[in-house]
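Residue strings, one per chain:
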Amino acid sequence: MAKKQDDMLDSVSKVKLTGSDYVIRGIGYVFICLFAIASIFPFLIILGTSFETEENIIAKGVTLIPRNFTTAAYDLVIKGGTIWASYGLTIVLTVTGTLIGLFICSMTGYALQRRDFPFRNGISFFVYFTSLFQAGLAPYYLLMTQGYHLNNSYWAVLLPLMVSSWLIILMKNFAKSVPHELTESGKIDGAGDFKIFVSIVLPMLKPGLATVGLFLALGYWNEWYQSSLFLQNMTVLPLQYRLYKIVNEASSLKNSVASQYVDVSNLPSESLKMATAMMTTGPIIFLYPFVQRYFIGGITVGAVKG
Amino acid sequence: MTTINPKKAAPYSVQGSLRKKIWNSKTLILMCVPAIIYFIAFSYAPLPGIYVAFVNYNYRKGIFGSPFVGLKNFEFVANSGKLWMLTKNTILFNLAFIVLDNLLAVVVAILLKEIQSKAFRKVSQTMMFLPYFISQVLVGLLVYSLLNSDTGYLNVVRGALGLEPLKLYKTGDPWPLIIILVHLWQKTGYNSVVYFAAIMGIDAAVIEASMIDGANAWQKIRYIILPSLKPTIVILLLFALGGIVKGDFGLFWNLVGRNPILYQKVDIIEMFVYRATISDFNFSTASAVGLYQSLIGFIMVITVNAVVKKIEPDYSLF
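Residues numbered from 1 in each chain as written. Chains lettered and ligands numbered in written order. Predicted model: local features only at pLDDT ≥ 70, side-chain atom pairs only at ≥ 80, totals over all residues.

**A word on the interface of chain B and chain A**
Consideration 1: Contacts between chain B and chain A engage 93 residues on the former and 98 residues on the latter.
Consideration 2: No other element matches the 12 residues that helix H3 (residues 26-44) of chain B contributes to the side of chain B that touches chain A.
Consideration 3: Residue composition of the side of chain B that touches chain A, by class: 64 nonpolar, 23 polar and 6 charged. (Contact = placed C-beta atoms within 7 Å. Helix = DSSP H or I, 4+ residues; strand = E, 2+ residues; numbered from the N terminus. Nonpolar A, V, L, I, M, F, W, Y, C, P; charged D, E, K, R; others polar.)

**Observations concerning the domain arrangement of chain B**
Many structure descriptions define interface size as the accessible area lost when the parts assemble.
Residue and element names in this part refer to chain B.
Consideration 1: On domain assignment, one finds that chain B holds domain 1 (6-65) and domain 2 (84-315).
Consideration 2: With centres defined by C-alpha atoms, the gap from domain 1 to domain 2 works out at 35 Å.
Consideration 3: Each residue belonging to the side of domain 1 that touches domain 2 can be placed in one class, and the counts come to 5 nonpolar, 1 polar and no charged. (Domains from an automatic or database assignment.)

**Focus on the domain arrangement of chain A**
Consideration 1: If you check the domain split of chain A, you get domain 1 (12-70) and domain 2 (81-248).
Consideration 2: With centres defined by C-alpha atoms, the gap from domain 1 of chain A to domain 2 of chain A works out at 36 Å.

**Remarks on unusual backbone geometry**
Consideration 1: Its identity as a non-glycine residue notwithstanding, A:Asn152 has a phi of 55°, on the positive side.
Consideration 2: Position of A:Asn152 relative to the elements: it lies in the loop between helix H7 (137-147) and helix H8 (155-158).
Consideration 3: Overall, the presence of 12 C-beta atoms within 10 Å leaves A:Asn152 in the exposed class.
Consideration 4: A positive phi angle, near 50°, is found at B:Phe281, a position not held by glycine.
Consideration 5: Within the secondary structure, B:Phe281 is located in the loop between helix H15 (269-279) and helix H16 (283-311).
Consideration 6: A residue is classified by how many C-beta atoms lie within 10 Å of it, and B:Phe281, with 12 of them, is exposed. (Buried ≥ 20, exposed ≤ 12 C-beta atoms within 10 Å, placed from the backbone.)

**As for helix H4 (residues 72-79) of chain A**
Residue and element names in this part refer to chain A.
Consideration 1: Those residues of H4 lying buried are Ala73, Leu76 and Val77. The buried side chains of H4 occupy one side of the element, clustering within an arc of 100° when seen end-on.
Consideration 2: Taken from the residues just after H4, Gly81 is the one with a positive phi, measuring 85°. (Arc of directions from axis to C-beta.)

**A look at the packing of helix H6 (residues 82-114) of chain B against helix H10 (residues 175-200) of chain B**
Residues and elements named next belong to chain B.
Consideration 1: At a minimum axis distance of 7 Å, the contact between H6 and H10 shows a crossing angle of 50°. Considering the angle they form, H6 stands oblique to H10. Of the two possible hands of crossing, H6 and H10 adopt the one that is right-handed. Of the residues in H10, those touching H6 at Ala96, Phe97, Leu100, Asp101, Leu104, Ala105, Val106, Val108, Ala109, Ile110, Leu112 and Lys113 are Ile180, His183, Leu184, Lys187, Thr188, Asn191, Ser192, Tyr195, Phe196 and Ile199.
Consideration 2: Split into classes, the residues belonging to the contact of H6 with H10 amount to 15 nonpolar, 4 polar and 3 charged. (Axes fitted to C-alpha atoms, helices over the stretch in contact; angles between N-to-C directions. Parallel < 35°, antiparallel > 145°, perpendicular 65-115°, else oblique. Left-handed = near helix turned anticlockwise from the far one by under 90°.)

Structure (structure tokens):
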């Protein structure tokens, strides 16, 4: 696909270009360049300011390049100790949720695209309907807290992000690209449907597993919403909800660093926000360039086709 | 591989009794069971709780023991003008998002195609994609770092130019614009992917032929690229219309949700429902507004799907 696109660009560039082609090409370079810089600029501000002293931030504002370089804010976040507990929790939630979610979504997605499965339309509708009509927040909240008693339980974060009709449909579309003949030949060999799925289809489904798995993992890593509903009184918080509390609640600043290390009355709140932001988002910023092609694949497979 | 025994290849006869069908496809059914249980537990089980919208909710009596009040909860939010204000805000923001999102995404995709250097294109695409990967919490902090009146970058620059600092967090007026800009900043990299793929799918020979015929860059865009994007644009616009009453809660909440001076100008249905549920524990009002939103959303999607089915049956959802 990528190869074909590049060939196309090459062949176009061989034709003689008119003046207007150069104009629009120039506009293209300038506009895209500016947009790309604007896309990462706020991160550079956060990065620069996270290495700045609190006094300088208060007196002179945020900065791209620290005027007095210091790692004080990072030291404070790390010394508090609980950031590693948050990391551990987020990693456990992300890995567990992604693996179980992948298993459920791929199994269902595969079954629902099997043309010889008589209940596929009925079950597909059952799955799809959940995205058409929802009960809304209040009934959901009441059920989770008073029905399932998941208030202040990490299950309340793990479970709701695990499966969605969108991910199952995405997986179904990926599974459609696995040739049906493979299933047929598995049947001839006498393999059961589950055996066929595990040993023949799953290995062929790697692009789909990577894409759906990454959507799931990103969802878990960036989770703050379910946490804000159900984890309000927990001491160890998922990373983004931890950031949420530090950004929004002055009181949680004091809890986020061990009080024996600093006088909590004059905590460096601004630089602490920045350092926490960098620490909770760092892994994503480093990883996403290597996996973005799977997201692009997911968008093009899932965006237009239902 | 070539000789497939029809009996073995298609054991799940379409005819036959229901019991036989179930028995023959029992493994496939079992493979769907975890997902079915999941959706029952988290999507279908909350549905009966919608009843809370029709009662005067009392914690001790529970949803089904609380006194039935009919449509009182709906009347209350409707008569206060709140419901109309929320609906209007949600729809107007979404209209702005839909139009500007797609316009900018098409422009970016067309201009990206003009970039000849592969490395430049890859790097800039990667940079533009970054905002898609970060949490809305961080988006809130990024905006705060740029705009707050004490330490924000905007006022650092204004100070350097000798201008008065802007106190953007003390007035609601500029926030519709800010929210729209931040939304575009965050979503354009993502939105342009679909259009870029569609442009790359255009037959190179067609573009080449037009250039040999002397078409200039504008004519190429006007008569070849835009028409070939038209089906994609129409489908994406229609589906976006289906979600016209669904707000981008994460964005709004993290930018203005905690600040009553700001959110009064830009309040949307989701924020109201969230506040009513989490802060006020007013489950009956929250559920009434939520149900109203779900019903309109449902009708919108059904309508849009019917339209899509008529113009482009392959793309219809069901």
